[in-house]
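As a plain string of letters, each chain reads:
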Amino acid sequence: MARKRKKHDHEDHVDESWLIPYADLLTLLLALFIVLFASSSIDAAKYEQMAKSFNVVFTGGTGVMDQSSMQSTEETENSNQTKKSAEDEEEEAKAKARDQAVLTKVKKQVDSFIADKKLGSKLETKLTDEGLLITIEDSIFFDSGRAVIRSQDVPLAKEISKLLVINPARDIVISGHTDNVPIRNSEFESNWYLSAIRAVNFLNILLENSNLDQENFSTKGYGEFKPIASNDTAEGRSKNRRVEVLILPIEKKAK
């Protein structure tokens, strides 16, 4: 006997909910391929426009594809760096101006000292790119061919040391110079040796001032190799025989 099929009161409903995620998947794949294609194109404007469109569709206008946002961030960073660089340069310029003002003040003090002591023909000051240069003719302290400061001139050297007490302290270089006439005694092998020993002896007198720090001082001997006048005349040779005190700007260090 054949079974009778049960009749259903209604037809079974086909569940089509899977179509929704499937359609979303296809849309996302399409978007991916379009983005890959657009990013490989040289036309940056096309890519930017497409990025904006997809951002609106998928993320409401914001997201990792927001090219404008990335550009804005980069521009902000560049602007901040430029601003910081400009501020650093401005601060550096102000510091240099303050330091120059200090050196100018020291120069005026030394010039006043020179005028009071009537040493205008023997000492002079000059502001240079390297710092404040004080030039001292050797005849003030030394006998010809000798490197020891005369005892009667030691007090003058000590007075000069007081002018070198500067706050904040700066590096100071003491250098000795001679003319080109060969040395004629057995004490020194060369003019270079004579100039170096004179610089050291002068520095030793300066450093008897306890307000000066040895760490800030150095000496050099140049002999006849850095003349400031012609050695063809007695007057020129006299100018070349000298001791120089170079007060460096605060940002420079003695080499």
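Structure shown above.
Scoring rules and cut-offs
Residues numbered from 1 in each chain as written. Predicted model: local features only at pLDDT ≥ 70, side-chain atom pairs only at ≥ 80, totals over all residues. Heavy atoms only, no water. Helix = DSSP H or I, 4+ residues; strand = E, 2+ residues; numbered from the N terminus. Contact = heavy atoms within 4.5 Å. 1 Å grid on protein atoms, 1.4 Å probe; cavity = no way out; pocket = protein on both sides within 12 Å on 5 of 7 lines; lining within 4 Å. Points joined across faces, edges and corners; volume = space filled by probe spheres on them. Nonpolar A, V, L, I, M, F, W, Y, C, P; charged D, E, K, R; others polar. Phe/Tyr/Trp six-rings, centres within 6.5 Å; stacked < 30°, edge-to-face > 60°. Buried < 20%, exposed > 50% of the residue type's maximum accessible area, 1.4 Å probe, protein only.

### Things to note about the environment of Pro227
- Mapped onto the fold, Pro227 is located in the loop between β4 (217-223) and α6 (234-240).
- Taking the C-alpha atoms as reference points, Pro227 and Arg242, 15 residues apart in sequence, are found 9.6 Å from one another.
- Beyond its immediate sequence surroundings of up to four residues, Pro227 is in contact with Asn240 and Arg242.

### Topic: empty space enclosed by the protein
- One pass over the structure, following the stated rule, counts one cavity of 30 Å³ or more.
- By volume, the largest cavity is sized at about 30 Å³.
- Breaking the lining of the largest cavity down by element, the ones donating at least two residues are β2 (132-137) and α4 (154-163).
- Grouping the constituent residues of the lining of the largest cavity by class yields six nonpolar, no polar and no charged.

### Concerning the packing of aromatic side chains
- Inspection of the entire model under this criterion finds three aromatic pairs.
- An angle of 75° between the planes, with centres 6.4 Å apart, marks the rings of Phe141 and Phe142 as edge-to-face.
- Taking relative accessible area as the criterion, Phe141 reaches 1% and is therefore assigned buried.
- When its relative accessible area of 3% is taken as the criterion, Phe142 is described as buried.
- Arranged with centres 5.7 Å apart and planes meeting at 80°, the rings of Phe188 and Tyr193 form a pair that is edge-to-face.
- For Phe188, a relative accessible area of 5% corresponds to the buried category.

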